[in-house]
Amino acid sequence: MSATSMAYLTIILGQWGNILSRRAGENSVWSSFIFSNKQLLIAYGISAFCFINLIWNPWVNHIFGFGALNLWQLAICIGFGCIYTLVKEIYKGHVRIDE
């Protein structure tokens with residue numbers, strides 16, 4: 001069950017990075033525009049609340065076939081979820097340097 005949870009969480013975190021990267025355009029993900037967008041931050045908060053409930057709430061996770069993750073599994077998910085964002089940021093930085 002925890003493999004399903006890990007796959008789900010990794011996809012969510014990768015998509016969060018994808019959204020940030022696409023919204024930033026040619027700028028860095030860490031630009032002030034991204035973190036000043038209150039609607040995006042609210043949507044991230046709602047999404048985080050939902051996946052935290054799906055993965056760590058014992059009354060809900062068994063319905064969807066998820067299992068609770070330990071810290072090591074969570075760290076793996078965060079690491080793999082951030083890979084796309086890191087690669088995209090490196091690429092965008094390389095393009096900015098070439099211009």
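Before any of the text, the structure's been laid out above.
Below is a summary of the structure that appears in this document. Values in this document were obtained by computation on a predicted structure and should not be read as measured data. (Residues numbered from 1 in each chain as written. Predicted model: local features only at pLDDT ≥ 70, side-chain atom pairs only at ≥ 80, totals over all residues. Heavy atoms only, no water.)

### Comments concerning the layout of surface pockets
In step 1: There is about 280 Å³ of room inside the largest pocket.
In step 2: For the largest pocket, the lining is made up of 16 residues, of which Gly17, Leu20, Trp30, Cys82 and Thr85 are closest to its centre.
In step 3: For the lining of the largest pocket, the element with the highest residue contribution is helix α5 (residues 71–98), accounting for 5 residues. (1 Å grid on protein atoms, 1.4 Å probe; cavity = no way out; pocket = protein on both sides within 12 Å on 5 of 7 lines; lining within 4 Å. Points joined across faces, edges and corners; volume = space filled by probe spheres on them. Helix = DSSP H or I, 4+ residues; strand = E, 2+ residues; numbered from the N terminus.)

### Observations regarding the pattern of salt bridges
In step 1: On inspection of all chains with the given rule, the structure shows 1 salt bridge.
In step 2: Across the salt bridge formed by Glu89 and Lys92, the nearest N and O atoms sit 3.1 Å from each other. Here Glu89 and its partner Lys92 are both found in helix α5, 3 residues apart, which amounts to about one turn of the helix. Here Glu89 and Lys92 have matching classes, each one buried. (Salt bridge = Lys/Arg side-chain N within 4 Å of Asp/Glu carboxyl O. Buried < 20%, exposed > 50% of the residue type's maximum accessible area, 1.4 Å probe, protein only.)

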